[in-house]
Amino acid sequence: MPTHVYQPTRNPPRWWDRVMVHPFDNAVGLLCLLFGALMAYALTTGGGYNPSSSMMRLPPLIGFVVSACLTVGGVLSLVGLHWTGDTVSRGWHLERGGWLFVTAGLAGMGGAIAWFFPASTNSWLLPSILALAAFVRWLSLIFLERNTRRTLAVVQGEARGQE
Amino acid sequence: MSEQALVTLGVAVLSLLGGAGFWGWMTSRKEAPIKKRDADVAVAHTSQQMALAIAEDLRLDVGRLRGDVDAERKARESLGTEVQELRQRVEAQAGTIDRLRRAVRAFQDAWEYITTNWQIVRLQDNPPQQPRIDLKEEAAP
């Protein structure tokens, strides 16, 4: 029985079906998008708005880089996850790139919280483990594509053998 | 951890992730895109393999069951012949028991005849006739 399978089914027809199937992926993507956008807003306005104490204490350049990674990662991963085009591999590539940016952004955020507030373990564990999860999702999308290509090669080989 | 070390760590992590992204982009550049139809074909093929694996397991299971059923049938048939032999023996023994009962009754009747008619029998010269009992005893094996 083939138990180690990665099925490339993109059949949920509506976007809310995809949310039902991938609730946590959608949540992390949305969170990163919001975190990054709010941070970028706070950094640009420079005023009293402080969405994250630890992030605001970072040097502005690093803060911008982390926010940019979070925003871009959030956007790309959500776009890739909800890809409805005919070329599914394009959706996977977009999502993969998104998760990589998310990993960078969340690792930066976790690092900032751990640096400035090392005692509040829960606060820096959350983004660090989510960063790890995003990286794992990046890996699993690679496996998915690789598995699909291998299966297609087998199918085309069989078809050619029968002709 | 000093700030310098943290910056170095951050740069290292970013370069690692950047390298991973670059590697992913390089490997996927040369490959053909996968269309929805291809993905569906891959899903169908994998589902077919799973179904075939299940069918194969079931086939082996059925073979094993058939073997068990054959063994059961053989055991039942041998038991049937045994039961047949036992039944014949039981019937023969019932017949023997019947004859034995008749023999015992004949003996009882004869003895009763002697006791009731003792006054006449004891004066006779010859004893009364022994009742003929045929037990149909089979030849000893």
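Let us look at the structure shown here.

## Structural notes on helix 2 (residues 23–45) of chain A
Given 3.6 residues per turn, any residue in an α-helix points the same way as the ones three and four places further on. Residues and elements named next belong to chain A. Between its first and last C-alpha, helix 2 extends 33 Å over 23 residues, near the 33 Å set by a 1.5 Å rise per residue. Inspection of helix 2 places Asp 25, Asn 26, Val 28, Gly 29, Cys 32, Gly 36, Met 39, Ala 42 and Leu 43 among the buried residues, and these make up the whole buried set. Each element contacted by the buried residues of helix 2 is listed here: helix 1 (15–21), helix 3 (53–56), helix 4 (60–81), helix 5 (88–116) and helix 6 (121–162). Gly 46, located one to two residues past helix 2, shows a positive phi value of around 65°.

## Some remarks on the nonpolar core
In this structure, Met 55, Leu 70, Trp 99, Val 102 and Leu 106 of chain A are the most contacted members of the largest nonpolar core, which totals 31 residues. At the level of elements, helix 2, helix 4, helix 5 and helix 6 of chain A together with helix 1 (3–29) and helix 2 (36–116) of chain B are the ones that each hand at least two residues to this core. It is helix 5 of chain A that contributes the most residues to this core, 10 residues altogether.

## Observations regarding the packing of aromatic side chains
Residue and element names in this part refer to chain B. Counted under the stated rule, the structure contains six aromatic pairs over all chains. Between Phe 22 and Trp 25 the ring centres are 6.2 Å apart and the planes differ by 35°, which places this aromatic pair in the tilted class. Taken together, the residues Phe 22 and Trp 25, both in helix 1 and three residues apart, mark about one turn of the helix. The aromatic ring of Trp 25 is capped on one face by Arg 29, whose charged end is 5.1 Å from the ring centroid.

## Re the interface of chain B and chain A
The accessible area lost on association of the parts is a frequent measure of interface size. Contact residues are listed per partner, giving 30 residues for chain B and 32 residues for chain A. Interface of chain B and chain A: buried area, both sides summed, is about 2700 Å²; carbon and sulfur atoms make up 72% of it. The largest contributions to the chain B side of the interface with chain A come from Leu 17, Ile 34 and Lys 36 of chain B, which together make up 24% of the buried area. With its nearest N and O atoms 3.2 Å apart, the salt bridge here joins Glu 31 of chain B to Arg 149 of chain A. Here chain B is connected to chain A by eight residue pairs in polar contact (both at pLDDT 80 or more). Contributing elements (two or more residues each) for the side of chain B that touches chain A: helix 1 and helix 2 of chain B. If you tally residues by element for the side of chain B that touches chain A, the top one is helix 2 of chain B, at 14 residues. Within the side of chain B that touches chain A, the residues separate by chemical class into 16 nonpolar, eight polar and six charged.

## As for the pattern of salt bridges
Within the structure shown, the criterion is met by 10 salt bridges over all chains. Note that Asp 38 of chain B and Arg 37 of chain B form a salt bridge whose closest N and O atoms lie 3.9 Å from each other. We classify Asp 38 of chain B as buried; its relative accessible area is 19%. For Arg 37 of chain B, a relative accessible area of 62% gives the class exposed. A salt bridge links Glu 56 of chain B to Arg 59 of chain B; the shortest N-O distance between them is 2.7 Å. Note that Glu 56 of chain B and Arg 59 of chain B are positioned in helix 2 at a spacing of three residues, about one turn of the helix. What emerges from the salt-bridge pattern is a single network uniting Arg 96, Glu 145 and Arg 149 of chain A together with Glu 31 of chain B.

Reading guide: rules and limits
- Numbering of residues starts from 1 in each chain and follows the order in which that chain's sequence is written.
- To label them, take the chains in the order written and letter them from A, then take the ligands in the order written and number them from 1.
- Residue-level local features of this predicted model are given only where pLDDT is at least 70; pairs of side-chain atoms are given and counted only at 80 or more, and the full residue set underlies all totals for whole chains, interfaces and linings.
- As a convention, hydrogens and water are excluded, and side-chain values are obtained from all of the structure's heavy atoms.
- Secondary structure counts use DSSP, requiring at least four H or I residues in a row for a helix and at least two E residues in a row for a strand, with both numbered from the N terminus.
- The span expected for a helix works out to 1.5 Å for each residue beyond the first.
- Only protein chains enter the calculation, and the probe is 1.4 Å; a residue is then buried if its accessible area is under 20% of its type maximum, exposed if over 50%, and partly exposed in between.
- Whether two residues are in contact is decided by their heavy atoms, any of which lying within 4.5 Å being enough.
- Put simply, buried Ala, Val, Leu, Ile, Met, Phe, Trp, Tyr and Cys residues joined by side-chain atoms within 4.5 Å make one nonpolar core.
- Any Phe, Tyr or Trp ring, taking Trp's six-membered ring, that has another such ring centre within 6.5 Å forms a pair; planes under 30 degrees apart are called stacked, those over 60 apart edge-to-face, and the others tilted.
- To sit over a ring, a charge needs its Lys NZ or Arg CZ within 6 Å of the ring centre and within 35 degrees of the ring normal.
- The term buried area denotes the loss of accessible surface (1.4 Å probe radius) that occurs when two parts are joined, taken as the sum for both partners.
- The salt bridge definition used is simple: a Lys or Arg side-chain nitrogen within 4 Å of an Asp or Glu carboxyl oxygen.
- Nitrogen and oxygen atoms within 3.5 Å of one another constitute a polar contact, given that in protein one can donate a hydrogen and the other can accept it, and given that sequence-neighbouring residues count only through two side-chain atoms.
- Polar here means any residue outside two lists: the nonpolar Ala, Val, Leu, Ile, Met, Phe, Trp, Tyr, Cys and Pro, and the charged Asp, Glu, Lys and Arg; Gly therefore counts as polar.

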